[in-house]
Amino acid sequence: MFAALIRSILAEPRAPDPPARVWRDWVLVGALLVTAAGEALFRDDVPWRPLATVVALLVIPALLWRRTHPLLATAVGFGGGMVLHIPAVVDDNPDVGLYAMASVLLLPYALYRWASGPEALVGTAIVAVPATLSLATTETPFGEVIGGITVLVASFALGAAMRYRAVARRREVEQVRTLERGELARELHDTVAHHVSAIAIQAQAGRAVAATDPAAALEALAVIEAEASRTLYEMRTMVRVLRHGEAGAGEAADYAPQRGIGDLDELARMSPVVQVHRGGDLAGLPQPVEMAVYRICQEAVTNAIRHSLNATAVTVEVTGDPGVIRLRVHDDGEAARPATSVGYGLLGMAERAKLLGGACQAGPDPAGGWTVEATLPREVPQ
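A brief report on the enclosed structure follows. What you are looking at is a predicted structure, and each value in this text was computed from that prediction instead of being measured.

Pairing between the strands of a sheet is mediated by backbone hydrogen bonds and can be parallel or antiparallel. Overall, mixed pairing links the 5 strands, which are arranged β1-β3-β4-β7-β6 in an open sheet. Every other strand in the sheet has two partners, leaving β1 (274–280) and β6 (359–364) as the edge strands with one partner each. This sheet shows a mean twist of 10° between the axes of neighbouring strands, independent of strand direction. With 8 bridges joining them, strand β3 (residues 314–321) and strand β4 (residues 324–331) adopt antiparallel strand pairing. Residue pairing in the sheet places Val316 in a bridge with Val329 of β4.

See below:
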């Protein structure tokens, strides 16, 4: 277990995108340098004052690089702390150093917040050396020892906590982006596949009757025009929503109402064999449930028309029961695809149902044909 922990630490990369130096960093370092210079001029109680001043003036500027080069900054800062132990060894002066040197406590925080795993291990060892020397060369009261160790450990812990918080935030953002990409993929597939299938079917029908029934061919062309216009409109709507808020986007997003159960009759325009039946209590449903019902039925009807052979009826049934909405799409044709095949459409239907806490199954019907069944809760899970 310990070996696995070490391996995970060694594999930890640096935190991404450390912030560049900002004006606050320069103000902090400037204020500390002024403080150190003031102590050097006016404090007569500092042993080895020239050494303490030089160390402080060299160590404090390292704070500017504590995010981009945390190990180097830690080495400079606590290396200066080791130099300040020389007087304690030479002539028994343990209290060498300026008050401004307390700023090196920012370095353990920066080390655990921004450094890689190997850098954090090396930096911890660098910090531990002067801390151990201080305990070994001075007669510090036990209470002060505990207090100093507590402050040092708190600096490390705060850096690690902020790093964990940033990692958790990035993961949350990535999860949201993944869900959004999945939703966009489902919407694009459902919209484009449905309308393009309708266009293809009507084009085939129009070509078949063009020679014998010009009026029917013109009717098919009218349907093709309507479906193409609808596809273009929905694609533009999605693009406007995606672009909304971008710099330079000059066109406002169109947040038109999503399709719902009331729009199911439009599915019958795809083919005369499609029949839509609604029953039960379908009032007052949340918009996500309405949209999921419509999209699942739309995809199921599209698949039935595209893949079923010799189908004479495609029946869409949506029923509102207490607590749940049930839908069933059945065609009586011969399935032209293997029962084990899972395309983007079937996957999208299952995902839509699962996201709302429901379930969706699709496959050959024992009585013949192909059936899609889904059950969705009436309330959207929180």
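Additional details are given in the paragraphs that follow.
On to helix α4 (residues 70–83), then. In a regular helix each residue adds 1.5 Å, so 14 residues correspond to 20 Å; α4 covers 20 Å between its end C-alpha atoms and thus fits that length. Within α4 the residues assigned to the buried category are Pro70, Ala73, Thr74, Gly77, Phe78, Gly80 and Gly81. Along the axis of α4, the buried residues cluster in a sector spanning 140°; they form a single face.

Turning to the nonpolar core, a few remarks are in order. Residues Val293, Cys297, Val301 and Val318 are the most contacted members of the largest nonpolar core, which totals 35 residues. The set of elements that each furnish at least two residues to this core consists of α8 (142–209), β1, α10 (287–307), β3, β4, α11 (344–355) and β7 (370–377). Among the elements that line this core, the one with the most residues is α10, at 10 residues. Aside from chain neighbours lying at most four places away, what touches Val301 is Leu267, Met270, Val274, Val314, Val316 and Val329. Of all hydrophobic cores here, the second largest spans 26 residues; its members include Ala52, Leu64, Ala100 and Val127.

Here is what the cut-offs are and how they apply
Residues numbered from 1 in each chain as written. Predicted model: local features only at pLDDT ≥ 70, side-chain atom pairs only at ≥ 80, totals over all residues. Heavy atoms only, no water. Pairing = 2+ DSSP bridges. Helix = DSSP H or I, 4+ residues; strand = E, 2+ residues; numbered from the N terminus. Axes fitted to C-alpha atoms, helices over the stretch in contact; angles between N-to-C directions. Expected span 1.5 Å × (residues − 1). Buried < 20%, exposed > 50% of the residue type's maximum accessible area, 1.4 Å probe, protein only. Arc of directions from axis to C-beta. Core = buried A, V, L, I, M, F, W, Y, C linked by side-chain atoms within 4.5 Å. Contact = heavy atoms within 4.5 Å.

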